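What follows is each chain in one-letter form.
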Amino acid sequence: MEPTTDTLRYRACPLCEAICGLEFRFRGDTLRAIHGDPEDPFSRGHICPKGNAILDLEADPDRLQQPMRRVGADWQPVSWEFAFAEIGRELHAIQSESGRDAVAMYFGNPNVHHFGLGAYVPFLARAVGTRNLYSASSVDQWPHQLVCWQMYGHQWLLPIPDLDQLDTFVMLGANPLASNGSLMTAADVTERLKAIAKRGHLIVVDPRRTETAAIASQHLPIRPASDFCFLLALLTELRRIGPPRLAVYANQLRGFERVLDLIDTLDTDALLAPTGIARADARAVAETLYSATNAAVYGRMGVSTQRFGTVSQYLIQLINLYLGQLDRAGGVLPNEPAFPITGPGTSRGSRGRWQSRVRGLPEVSGELPVAALREEIETPGVGQIRALISVAGNPALSTPDGARLGQAISQLALYVAVDPYLNETTRHAHWILPPPSHLGEDHYDLFFNAFAIRRIARLSQPILPLPAGALPQWQILQGLTHGLQAARGEPHQPWPDPRTVLAQGLAKGSSGLTVADLVLSEHGIDLGPLQPSLLRRLQTESGAIEAAPDFLWQLLQDAVQAWLRGGLAAPTDALQLIGRRHVRSNNSWMHNSERLVKGKPRHQLLMHPEDAASRGIVDGATVQIRSRVGTVQTEVVLSADVRPGVVSLPHGFGHQQDGVRLHRAAHVNGVSCNDLTDPEHLDGGTGNAALNGTPVWVTCADQSA
Ligand SMILES: Nc1nc2c(c(=O)[nH]1)N[C@H]1C(S)=C(S)[C@@H](COP(=O)(O)OP(=O)(O)OC[C@H]3O[C@@H](n4cnc5c(=O)[nH]c(N)nc54)[C@H](O)[C@@H]3O)O[C@H]1N2
Ligand SMILES: Nc1nc2c(c(=O)[nH]1)N[C@H]1C(S)=C(S)[C@@H](COP(=O)(O)OP(=O)(O)OC[C@H]3O[C@@H](n4cnc5c(=O)[nH]c(N)nc54)[C@H](O)[C@@H]3O)O[C@H]1N2
Ligand code: SF4
Ligand SMILES: [Mo]
């Protein structure tokens, strides 16, 4: 008989950094509805449209259910055993002939949202043994990692704004009302930000008047890629307002005098010239910050993906230090997660231990910049990439000059993708290994608990059975690894299962929590607000905060020199391209959800009316957008929300490509903005892609035809 009542089950949402607790309503085995979990102590019932779109993901007929091998233009279902053995043999043959680096790996964003991936990809990477490791980190947060490693001794000793206590919050290059917060895990972030604006000051620094800027106390429309000048200007103003508050760091701070000496040589007005921000505004921000009890400066995507990304993230740390807000409840302070990611055996950070073969770009945290992947595939010679394993990624839409990267990938001798979809990149695969629904697997958030604005912990337990023939993701990675090891004739052992890894991780932390505790707490556990811990946990060799470590210091000097020489000037007739997110987007991969794509189109180019008028462009016109690397055509929406000289195009569109199997997404208009972004355009400190500030030339499509 059909059950007549619903059962409720609980899990964390895996779709973004906010990690909301969700309530899943089942009738029998049928998932009927998803709501926010009101009993989740952290997310308090919050859900966004993406959380609901899990219903579409679950029902999506385009989701692949079994491993497949490409035969010409067709796909042939194969068994897992066959796939692992055959892929192992092919990988081994390539590595035997051309060396281990001939196999590249790319790890996309969902790796950090799935315990079965995040905790296990290091095992796979170690077995493959290649230096050609790439990930979405190099189109995202590399500058954060490098700065934390240099200043605090570990890339994940990342100070998080103590959001619920702040009375002054200066936010650069972040739009949490669309992104739901990032490297600042804070479910229901809108209410939390509104509360700050009510208590004091929420100041948003962004070239566009974003959804977040619209609820802010103040919006400063900065010129793209000039943040480091603005941040230096804030320091010069702070210097005039009052002395740095460093007493609390006592003898655990080195090099700050060097910073002060440099600041004293700089001229505030000159610094502000390229930013488009008035002196009085900068002065007022500095005064507000200095006079606040609980204040923080925070910079995210828009700051890290620009030419001076690392310098900007460095200056943000210096400002929080100057204010005495670093490692202070009510300021910025690292989380101490129940499962530590900064302890013994974790990678503290690195740079330059090896270089990319073609352009000589330095390794960062064990990886090379994905902006170099195409040339490493295309350029012949010893060490050329011949095979790729991608796990949960779509670099053809997500990384600079993506279309050409896709073409290069299509030429590889072997491409193995672990992904539920045939998307713009994985369509080129020779083998595709689909994961099961995440609802059928354990999940513990390794990363976002560590970046959350409170100490929280939750084990999401399976709420659906795994379908027959499906393999948990960690076992897919294990199968690939064992297949390769078997082909090499190497011994291999079964990997520890996720609960064992989780138990080992929890045992290394200080929370006292066990897996059993987590199993009993399906709504998650709140371990309280953030507490100062940075000074005790510093991992620099000196045991002190390094305010001017040689590498960052040199980078800052170089940035100042570049600015003094006028090196920030963009070509005068060009516009500067920036990105944008929408609350109904998820990078490149959720346009197959009807719930998310219905309604108004959201792919268009935003352009200021003055820039349009001077080019004879009218609202709704189709325009041609040209950059150094590519040309695309799309429609324009005139909007005074972007500052003059700036245009904005979201990433993750451009699905109309042969071999893509995303039936709903195929009807979503829009081009890939990464067909315009430039792989030569990098953050100088890390090689992170400078996705923002790309010079583009926009003309009416009819005229340019
Ligand atoms: N111009 C521009 N480009 C950008 C950005 C920008 O702001 N502007 N943002 C950048 C940022 S921050 C990021 S993080 C990158 C993201 O770049 P990527 O990670 O390369 O791209 P995603 O669109 O997140 O693709 C995720 C892929 O994982 C698959 N997937 C989803 N869930 C799972 C799972 O559980 N298991 C497996 N195996 N696969 C899964 C999806 O089908 C999809 O193919 O894009 C970057 N690109
Ligand atoms: N709905 C939704 N949520 C998401 C994602 C998604 O695709 N969709 N992606 C997830 C991922 S992977 C990440 S990393 C996070 C990112 O989360 P956020 O860091 O909040 O990223 P964005 O929303 O892209 O906001 C970046 C902002 O930087 C601004 N900007 C661009 N150039 C500059 C500049 O030069 N200076 C300054 N000051 N600002 C600039 C842009 O206008 C934009 O408003 O979001 C996550 N959450
Ligand atoms: S805000 Fe993020 S975590 Fe919360 S429901 Fe939406 S996508 Fe999921
Ligand atoms: Mo990201």
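Only a predicted model underlies this, so the values are computations on that prediction, with no experimental measurement involved. (Residues numbered from 1 in each chain as written. Chains lettered and ligands numbered in written order. Predicted model: local features only at pLDDT ≥ 70, side-chain atom pairs only at ≥ 80, totals over all residues. Heavy atoms only, no water.)

**Focus on the pattern of salt bridges**
Going by this rule: A side-chain nitrogen of Lys or Arg and a carboxyl oxygen of Asp or Glu constitute a salt bridge if their distance falls within 4 Å. Here a strand is any run of E in DSSP of at least two residues, a helix any run of H or I of at least four, and the numbering for each starts at the N terminus. Summary of the burial criterion: residues with accessible area below 20% of their type's maximum are buried, those above 50% are exposed, and those between are partly exposed, where the area comes from a 1.4 Å probe applied to protein chains only.
Evaluated as defined, the whole model comprises 35 salt bridges. Note that Asp 40 is salt-bridged to Arg 458, the shortest N-O span being 1.9 Å. Taken together, the positions of Asp 40 in the loop between strand S3 (30-36) and helix H1 (49-52) and Arg 458 in the loop between strand S21 (454-457) and strand S22 (459-460) put the pair 418 residues apart, joining distant regions of the chain. By relative accessible area, which is 2% here, Asp 40 ends up buried.

**Some remarks on the packing of aromatic side chains**
Condition: Between the rings of Phe, Tyr and Trp (Trp by its six-membered ring), a pair exists once the centres lie within 6.5 Å; its type follows the angle of the planes, with under 30 degrees stacked, over 60 edge-to-face, and the other angles tilted. As a reminder, the over-ring test applies to NZ of lysine and CZ of arginine, requiring each to be within 6 Å of the ring centre and within 35 degrees of the ring normal.
Scanning the entire structure with this criterion turns up 13 aromatic pairs. Between Phe 123 and Trp 495, the ring centres sit 5.0 Å apart and the planes meet at 35°, which makes this aromatic pair tilted. One end of the pair, Phe 123, is in helix H5 (residues 121-128); the other, Trp 495, is in the loop between helix H19 (473-488) and helix H20 (498-508), with 372 residues separating them in the sequence. Note on Phe 123: relative accessible area 26%, which makes it partly exposed. Aromatic ring contacts, followed pair by pair, group Tyr 120, Phe 123, Trp 474 and Trp 495 into a single cluster. Its end group placed over the ring of Phe 26, Arg 9 keeps NZ or CZ at 4.3 Å from the ring centre.

**Digging into the site of ligand 3**
So the rule is basically this: A cutoff of 4 Å decides nearness: a residue is near a molecule or strand if any of its heavy atoms lies inside that distance of it. Throughout this entry, Asp, Glu, Lys and Arg are counted as charged residues, while Ala, Val, Leu, Ile, Met, Phe, Trp, Tyr, Cys and Pro are counted as nonpolar. The remaining residues, Gly among them, count as polar.
If you check the shell around ligand 3, you find Cys 13, Leu 15, Cys 16, Ala 18, Ile 19, Cys 20, Cys 48, Lys 50, Gly 51 and Asn 180 and nothing else. Split into classes, the residues belonging to the shell around ligand 3 amount to seven nonpolar, two polar and one charged.

**So, the site of ligand 2**
Rules: As used in this structure description, the phrase polar contact means that two N or O atoms lie within 3.5 Å; if the pair is within protein, one of them must be able to donate a hydrogen and the other to accept it, and residues adjacent in sequence are counted only when both atoms belong to side chains.
For ligand 2, the set of nearby residues contains 30 residues, the closest of which are Asp 206, Ala 225, Asp 227, His 582 and Asn 587. Within the side chain of Asp 206, one N or O atom sits 2.6 Å away from an oxygen atom of ligand 2. Between ligand 2 and Asn 587, the relevant distance is 2.7 Å, taken from an oxygen atom to a main-chain nitrogen or oxygen of the residue. Elements with a minimum of two residues in the shell around ligand 2: helix H7 (176-179) and helix H14 (301-304).

**Observations concerning the pairing of strand S9 (residues 168-172)**
Counting buried positions along S9 gives five out of five residues, so the element sits mostly inside the fold. Residues of S9 alternate between two faces, with Thr 168, Val 170 and Leu 172 on one and Phe 169 and Met 171 on the opposite face, all of them buried.

**Digging into H5**
What counts here: Picture the helix axis, draw a direction to every C-beta atom, and the arc is the one those directions span.
All of the buried residues in H5 are Val 121, Leu 124, Ala 125, Ala 127 and Val 128. The arc that holds every buried residue of H5, seen down its axis, measures 160°, which confines them to one face. Two residues or fewer after H5 comes Gly 129, characterised by a positive phi angle close to 70°.

**Let's talk about the domain arrangement of the chain**
Operational definition: A domain assignment, automatic or from a database, supplies the domain bounds used here. By definition, residues are in contact when any of their heavy atoms lie within 4.5 Å. Once two parts are brought into contact, the accessible area they lose, counted with a 1.4 Å probe and summed over both, makes up the buried area.
By the assigned domains, the chain splits into domain 1 (6-59), domain 2 (68-140 + 341-528), domain 3 (141-335 + 540-561) and domain 4 (567-700). Relative to domain 2, the C-alpha centre of domain 1 lies at a distance of 26 Å. Counting residues at the interface gives 23 residues for domain 1 and 26 residues for domain 2. With both chains or domains summed, domain 1 and domain 2 bury close to 2100 Å², and 61% of this area falls on carbon and sulfur atoms. Together, Arg 11, Ile 19 and Phe 42 form the three largest contributors to the area buried by domain 1 at its contact with domain 2, with a combined 33%. Across the domain 1-domain 2 interface, the total number found is one salt bridge. One can count 10 residue pairs in polar contact (both at pLDDT 80 or more) joining domain 1 with domain 2.

**Remarks on the sheet that holds strand S10 (residues 201-205)**
For the record, the criterion: Whether two strands pair comes down to DSSP finding at least two bridges between them. Axes here refer to lines fitted to C-alpha atoms; in helices the fit is confined to the stretch in contact. Angles between the N-to-C directions go from 0 to 180 degrees.
Spatially, four strands are ordered S11-S10-S9-S13 in an open sheet, and the strand pairing comes out parallel. At either end of the open sheet lies a strand with only one pairing partner, and these are strand S11 (218-220) and strand S13 (295-299). Strand-to-strand twist in this sheet, taken as the mean axis angle between neighbours without regard to direction, amounts to 15°.

**Looking at unusual backbone geometry**
Notably, Asp 188 is not glycine yet its phi reads approximately 60°, a positive angle. Its place among the elements puts Asp 188 in the loop between H7 and helix H8 (189-199). Using a relative accessible area of 14% as the deciding quantity, one classes Asp 188 as buried. One non-glycine residue, Ser 365, lies in the positive phi region at around 50°.

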